[in-house]
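Chain by chain, the residues run as shown.
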Amino acid sequence: MNDADLIARYDGRVPRYTSYPTAPHFKPDVGSAAYGDWLAALPEDVAVSLYVHVPFCDRLCLYCGCNTAVVRGDAPRRAYAGLLEQELRLVATRIGRRARLTHIHWGGGTPTSLPADCLVRIGATIRSLFDVAPGAEIAIEIDPTELPIDRVTALAQMGVTRASLGVQDFAPAVQRAIGRMQSYDETAQCAQSLRDIGIGSLNLDLIYGLPHQTEASVCGTARQALALGADRIAVFGYAHVPWMKRHQSLIPESALPGPLARFAQRRAISEVLEREGGFMVVGLDHYARPGDAMALSAEAGTLQRSFQGYTTDAAPVLIGIGASAIGTMPQGYVQNAPGVPAYAAAIKSGSLATIRGIATTEGDRLRRSVIERIMCDLQADIPANLRTSALEPFAADGLIRWDGKRVVVTEAGRPFVRNVAAVFDAYLTQGNATPRHAQAV
Ligand SMILES: C[S@@+](CC[C@H](N)C(=O)[O-])C[C@H]1O[C@@H](n2cnc3c(N)ncnc32)[C@H](O)[C@@H]1O
Ligand code: SF4
């Protein structure tokens, strides 16, 4: 089957499966009371991962799909930093002892848009309330154009070990159309300043499917990304959802590549990173240098899928701090109020800010483990009660091998791995596209 036919058949709108059940299925019946009980019931010595969300940026990129906003001045940032500390204390009090943190991730938005002293103080508050395990990864997302020297110093004081730099695309015409000017040189300088303070692990984010991109232009960006010497590169398909993100309606839709062009761009980037860069492809959209922890984890079949995408973090519990942050508990998922005003009101009143979630059933957890293995390893043993003839069309199209017990996604099937995973999603009406998700490829 040729690319056009495959895309016509499978480019429906499917979730990215950063959780299962996925966030649109969270319900308000799981609120702060349930979350408080779940925190109190955490098993002794369980490994915990912490996610801190900062929904602020110094600039608003037109393509951005993240929960963020531009705020002017320090006052709202300082106020928000104070709320993060309060929430950390509320969570630690509910847990009732010092939990063991094996992984900390600062995401956004742009976490370094908080004042330097706030970042340092929050980092210290985390260490005062939790036992940060020796060797814990402390990762942070960074906009390379917005990293003043005082933030670099703060990152060193916070003990950051890994930084993710947003690149997206280096071609000026693309950058103009997406409202994100960023030169190669300033990106390289940012990477160097992080290395200078001992942050040895660098990730880069690239996007294909942006206005004016061509196969040749994305290959150029991929080569420049290789020259930056990162350990991991994430390659996302542009999710154009202007009905959810109003600013995306300023993206010139007539300059957006169509599905076939997107598919070709994805493949072209992949070839540069794998053949020229020697990177190993991991899951749906990540590339890692051989020997990097993510490459090793993918080879060992221990990679995990979390709200940040792929991770080597094996902690079974994720505590989300900040507006919109999602947590994973043994009993299910919880999400904080997405807007800062509602989040602030809850925390100021001394309550957790949970507004929705879902208590997972045993059936959910079984499906989640199958979906996670498919998304991470591109293969999974399918328990007898989940074996289904719905996989047969994928096998007939060469996207999977299926012997009735074990599914193995082929290289041709990799771009469609979300569609294969979706077969095991009991919440998704198969064949009934929903506008809540972006296109599959
Ligand atoms: C929180 S941002 C990264 C940190 C920092 N704010 C920056 O922009 O450099 C996380 C990443 O999400 C990706 N992203 C944002 N909006 C997207 C969209 N609409 N479609 C696909 N990827 C998107 C970008 O690659 C971006 O680097
Ligand atoms: S891409 Fe990054 S800097 Fe741009 S608006 Fe989104 S979160 Fe902010």
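Here is what the cut-offs are and how they apply
- Residues numbered from 1 in each chain as written.
- Chains lettered and ligands numbered in written order.
- Predicted model: local features only at pLDDT ≥ 70, side-chain atom pairs only at ≥ 80, totals over all residues.
- Helix = DSSP H or I, 4+ residues; strand = E, 2+ residues; numbered from the N terminus.
- Rg over C-alpha atoms; globule rule 2.2 N^0.38 Å.
- Buried ≥ 20, exposed ≤ 12 C-beta atoms within 10 Å, placed from the backbone.
- Contact = placed C-beta atoms within 7 Å.
- Near = placed C-beta within 6 Å.
- Nonpolar A, V, L, I, M, F, W, Y, C, P; charged D, E, K, R; others polar.
- Arc of directions from axis to C-beta.
- Domains from an automatic or database assignment.
- Core = buried A, V, L, I, M, F, W, Y, C linked by C-beta atoms within 7 Å.
- pLDDT = per-residue confidence, 0-100.
- Pairing = 2+ DSSP bridges.

**Here we look at the overall build of the protein**
Phase 1 of the analysis: On a plain count of helices and strands, the protein comes out with 14 helices and 19 strands.
Phase 2 of the analysis: Taken over C-alpha atoms, the radius of gyration comes to 21 Å for the protein, in line with the 22 Å a tight globule of 441 residues would show.
Phase 3 of the analysis: For the protein, with 441 residues in total, the buried portion stands at 46%.
Phase 4 of the analysis: Across the protein, every contact between residues at least 6 apart in sequence was considered, and the portion connecting residues at least 24 apart equals 73%.

**With respect to the site of ligand 1**
Phase 1 of the analysis: Every one of the 18 residues lining ligand 1 counts as a neighbour, but Gly 65, Asp 143, Gly 166, Asp 205 and Ala 239 are closest to it.
Phase 2 of the analysis: Contributing elements (two or more residues each) for the shell around ligand 1: β4 (100-108), β6 (162-168) and β7 (201-208).
Phase 3 of the analysis: Within the shell around ligand 1, the residues separate by chemical class into eight nonpolar, seven polar and three charged.

**Quick word on helix α5 (residues 149-157)**
Phase 1 of the analysis: Within the span of α5, buried status applies to Arg 151, Ala 154 and Leu 155. With its buried residues spanning 100° around the axis, α5 presents them on a single face.
Phase 2 of the analysis: In this structure, the buried side of α5 is in contact with α4 (116-129) and β5 (131-142).
Phase 3 of the analysis: Just beyond α5, the residue with positive phi is Gly 159, at close to 75°.

**Considerations on the domain arrangement of the protein**
Phase 1 of the analysis: In terms of domains, the protein is made up of domain 1 (1-21 + 362-441) and domain 2 (24-359).
Phase 2 of the analysis: Between domain 1 and domain 2, the C-alpha centre-to-centre distance is 25 Å.
Phase 3 of the analysis: At the interface, 21 residues of domain 1 touch 25 residues of domain 2.
Phase 4 of the analysis: Of all the elements in the fold, those that place two or more residues in the side of domain 1 that touches domain 2 are α1 (3-10), α12 (362-377) and α14 (417-422).
Phase 5 of the analysis: In terms of residue count, α12 provides more of the side of domain 1 that touches domain 2 than any other element does, four residues in total.

**Some words on unusual backbone geometry**
Phase 1 of the analysis: The residue after Tyr 20, namely Pro 21, is reached through a cis peptide bond having omega -5°.
Phase 2 of the analysis: Gly 109 follows Gly 108 through a cis peptide bond whose omega is 15°.
Phase 3 of the analysis: Positionally, Gly 109 belongs in the loop between β4 and α4.
Phase 4 of the analysis: Phi is positive for His 212, which is not a glycine, with a value near 70°.
Phase 5 of the analysis: Following the sequence through the fold, His 212 ends up in the loop between β7 and α8 (215-227).
Phase 6 of the analysis: Unusually for a residue other than glycine, Leu 378 sits at a positive phi of about 60°.
Phase 7 of the analysis: Structurally, the position occupied by Leu 378 is in the loop between α12 and β17 (379-381).
Phase 8 of the analysis: Leu 378 gets classed as buried once you count the C-beta atoms within 10 Å, which come to 23.

**Quick word on the nonpolar core**
Phase 1 of the analysis: Counting residues in hydrophobic clusters, the biggest one holds 128 residues, and the most contacted among them are Ile 233, Ile 374 and Val 420.
Phase 2 of the analysis: In terms of domain composition, this core takes at least three residues from each of domain 1 (1-21 + 362-441) and domain 2 (24-359).
Phase 3 of the analysis: Apart from the residues lying within four places of it in its own chain, the contact partners of Ile 233 are Leu 204, Leu 206, Ala 225, Leu 273, Phe 279 and Tyr 287.

**As for the confidence of the model for the protein**
Phase 1 of the analysis: Chain-level statistics for the protein give a pLDDT mean of 95 and a share of 98% at 70 or above.
Phase 2 of the analysis: Residue range residues 430-435 is modelled with pLDDT below 50. Its contacts to residues more than four positions away, or to other chains, number six contacts.

**Topic: the pairing of strand β19 (residues 406-409)**
Phase 1 of the analysis: Residue alternation in β19 divides its side chains into a buried set, Val 407 and Val 409, and an unburied set, Arg 406 and Val 408.
Phase 2 of the analysis: Across three bridges, β17 lies against β19 in antiparallel orientation. Each residue of the ladder has a partner; that of Asp 381, found in β19, is Arg 406.
Phase 3 of the analysis: As judged from the three bridges shared by strand β18 (residues 400-402) and β19, these two strands associate in the antiparallel manner. Bridging across to β19, Trp 402 finds its partner in Val 407.
Phase 4 of the analysis: Following β18, the chain reverses through three residues before pairing antiparallel with β19; Gly 404 in that reversal takes a positive phi of roughly 95°.

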